[in-house]
Amino acid sequence: MTDAAAQVEAAKKALAEAEAALAAATAAAAAARPAVVEPVETPSVADKTSSTDGPLTADEVASIRAGYAFDGPALEMGALVNGGPLPDVPVRIPIAMVNRHGLVAGATGTGKTKTLQVLAEQLSANGVPVFAADIKGDLSGIASPGEANDKLLERTRSIGQDWKAIASPTEYYTLGGQGIGVPIRATVSSFGPLLLSKVLGLNPTQESSLGLVFHYADQAGLPLVDLSDLRAVLQWLVSDEGKPELKSLGGLSGATAGVILRELISFADQGADVFFGEPEIDTALFLRTNDQGKGIVSLLEIPGVQDKPALFSTFLMWLLADLFNDLPEVGDIDKPKLVFFFDEAHLLFNGASKDFIDSITQTIRLIRSKGVGIFFVTQTPKDVPADVLAQIGSRVQHQLRAHTPDDAKALKATVSTYPTSGYDLKQVLTELAIGEAIITVMNEKGAPSPVAWTRLRAPQGSMAPTPADRMQATVDASPLYGTYGTVVDRDSAREILAVKMNAAAEADARREADKVAAAQAREAAKVKADYDRAVREIERSSKPKTTTRTTTRTTRQDDNPIGDFLGSRGGQTVVREVLRGIFSTLKRK
């Protein structure tokens, strides 16, 4: 082997040894170096729940948390649900936006009334008066403190609610005194012709005629207190005595008056007559707070309202119209002056005329500027007209059921009205547990908040109705009962017109009696004249006849020719007929 070849061979060997040494060194270094672990963020409990158990991602949960973080005071509705409740993600309604109205909907037994109670309690605690129509009597428990139990406290702790038993200041009312409470009444005059026309469903011509009747009653000093007063005025104005009263104003047709009278009778038969009367309630009473600054909760009991929808709708129309007329414009304020809750709202709109719905819609649209908020409580959103739903700012949707094609259609329509969210709302809305709801509200900037599946707070008042004897004791102790408890039945249009009509009837009777007496007198005079004439005829025919013969003249001075005639058959006939005429006339007199 040459030297050159030996050198090449040595170089190759050295290179191989170097590569082996390098590989060994690399392996040793790798074995000695600690393993590099990629950093992994340990999720919080909330994030684990949101990303693992629930339909929302961590980002979506964060978005909801931010969407309900308001600067001003708010009503605490509950905690977000994402597989389980997240107490660090509260769902709230800004108090300043409550006058943008709201809707609480859901199937029977899903917790709507308790949601209403939660809202009313917090509004009262924040100094906002509340008026609620307690259709089923379930809401009266708000006046009594609640009772704690393990199940209740476990639920409240899971959503971060610091639960305490609290009773809210409460006043009970009834319509016309039917039930336990201070009677609410209004006069027909204050109700007015326009509102009454819409409730009765009158056409423009009939509405104009009804306005004329109210105008006449005002000018004539005829107080329209109840429906019987209005009926009395209508009957008077189409009577012979009353027709001239409206002659200068165009008069009132009998056909139009007949239609209005029939509608009034039907209206009264539906139970609306108990609402009208005196003393009339002052609606400012519903805007009170107590000495501690809490808003007073006014509960209206309407027993059997399902059979008297006209009574319910009539009262609502009057109350909203009266408040709208009396309250000043306030614009956007920190908290409402009053919030209404109308349970079983479908009773308000079932069978309602277009004019009625238009009137309600207009009032709801405008009354928020007076500082008044309205919440409708019903089974499905479709129970409320679309034009009314368009005014709603806050929505609390409890479980919906889709057992029928109509239910499925209503569910689909409801889902389509919600903003885009991370939920399959068609599924979620049918799976909500009792006391859970899908919520979206109007935030402080007027924009809709994110859709939030919420486990709702528990009421702090009693969830059972307040006992009737305790309610009655509250009513008896109320100073309002002394003012409004007893109906006042003063002389109104019906009594005043009754006096007029009685006087007119008496005058007619006197005139008729005078006519009869005059006719009898004339008849008696005629009979007497006939008698006198007959007597004269008899006397003439009974005079003795004289002749020119003096030797044979005979005079019968001792005879009585009248008596002889009257004793004869012909004379008796004349006397009988004369006496019959006299006594017959006298008997008739």
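Each value, and the rule that gives it
- Residues numbered from 1 in each chain as written.
- Predicted model: local features only at pLDDT ≥ 70, side-chain atom pairs only at ≥ 80, totals over all residues.
- Heavy atoms only, no water.
- Buried < 20%, exposed > 50% of the residue type's maximum accessible area, 1.4 Å probe, protein only.
- Helix = DSSP H or I, 4+ residues; strand = E, 2+ residues; numbered from the N terminus.
- Pairing = 2+ DSSP bridges.
- Core = buried A, V, L, I, M, F, W, Y, C linked by side-chain atoms within 4.5 Å.
- Axes fitted to C-alpha atoms, helices over the stretch in contact; angles between N-to-C directions.
- Parallel < 35°, antiparallel > 145°, perpendicular 65-115°, else oblique.
- Left-handed = near helix turned anticlockwise from the far one by under 90°.
- Contact = heavy atoms within 4.5 Å.
- Nonpolar A, V, L, I, M, F, W, Y, C, P; charged D, E, K, R; others polar.
- Salt bridge = Lys/Arg side-chain N within 4 Å of Asp/Glu carboxyl O.
- Polar contact = N/O pair within 3.5 Å; in protein donor to acceptor, adjacent residues only side chain to side chain.

Judged by how many residues are buried, strand 8 (residues 338–342) sits mostly within the fold: five of five residues are covered. Here strand 8 shows no split at all, with Leu338, Phe340 and Phe342 on one side and Val339 and Phe341 on the other all buried. Looking at chain direction, strand 4 (residues 130–134) and strand 8 are connected through four bridges and run parallel. Within strand 8, the residue paired with Phe131 across the bridge is Phe340. Across five bridges, strand 8 lies against strand 9 (residues 372–378) in parallel orientation. For Val339, the partnering residue across the bridge sits in strand 9 and is Gly373.

Residues Ile184, Leu230, Phe275, Trp318, Phe340 and Phe376 are the most contacted members of the largest nonpolar core, which totals 80 residues. If you look at the next biggest cluster of nonpolar residues, it comprises 53 residues, including Val81, Ile93, Leu425 and Val428.

What follows deals with the packing of helix 9 (residues 227–237) against helix 10 (residues 254–269). Taken N-terminus to C-terminus, the directions of helix 9 and helix 10 make an angle of 165°; their axes are 10 Å apart at the nearest point. By the angle class used here, helix 9 and helix 10 are roughly antiparallel. In the crossing of helix 9 with helix 10, the sense of the turn from one axis to the other is left-handed. Where helix 9 abuts helix 10, its residues Leu227, Leu230, Arg231, Leu234 and Gln235 lie against Ala257, Ile260, Leu261, Leu264, Ile265, Phe267 and Ala268. Residues that form the contact of helix 9 with helix 10 fall into these classes: ten nonpolar, one polar and one charged.

Moving on to the sheet that holds strand 8. The twelve strands are arranged 2-1-12-11-10-3-9-8-4-7-5-6 in an open sheet whose pairing can be described as mixed. Where the open sheet ends on each side, the last strands, each with one partner, are strand 2 (85–94) and strand 6 (182–184). In this sheet, adjacent strand axes meet at a mean angle of 30° when their direction is disregarded. Note: strand 10 (residues 394–397) against strand 11 (residues 436–440), three bridges, orientation antiparallel. Along strand 11, the bridge assignment pairs Arg395 with Thr440.

Quick look at unusual backbone geometry now. Each neighbour pair has its own omega, and for Glu278 with Pro279 the value is 0°, a cis peptide bond. Within the secondary structure, Pro279 sits in the loop between helix 10 and strand 7 (297–301). Unusually for a residue other than glycine, His101 sits at a positive phi of about 75°. Counting through the fold element by element, His101 comes out in the loop between strand 2 and strand 3 (102–105). Take His101: its relative accessible area is 2%, and that puts it in the buried class. In this structure, Glu344 takes a positive phi of about 50° despite not being glycine. Structurally, Glu344 is set in the loop between strand 8 and helix 12 (346–349).

Across all of its chains, the model carries nine salt bridges by this definition. Measuring nitrogen to oxygen at the nearest pair gives 2.7 Å for the salt bridge that ties Glu278 to Arg490. Of this pair, Glu278 sits in the loop between helix 10 and strand 7 while Arg490 sits in the loop between helix 18 (479–484) and helix 19 (493–542), and the two are 212 residues apart along the sequence. Accessibility expressed as a relative area gives 14% for Glu278, which makes it buried. The structure contains a network of salt bridges with shared partners spanning Arg100, Asp332 and Arg368.

Among the structural elements, Glu436 can be located in strand 11. On the basis of relative accessible area, Glu436 is assigned to the buried category, the value being 4%. Within the structure, Glu436 has its side chain in polar contact with the side chain of Trp453 (distance 3.0 Å). At a separation of 2.8 Å, a polar atom in the side chain of Glu436 contacts the side chain of Arg455. Aside from chain neighbours lying at most four places away, what touches Glu436 is Val81, His398, Trp453, Thr454, Arg455 and Leu456.

That is the geometry; function is a separate question.
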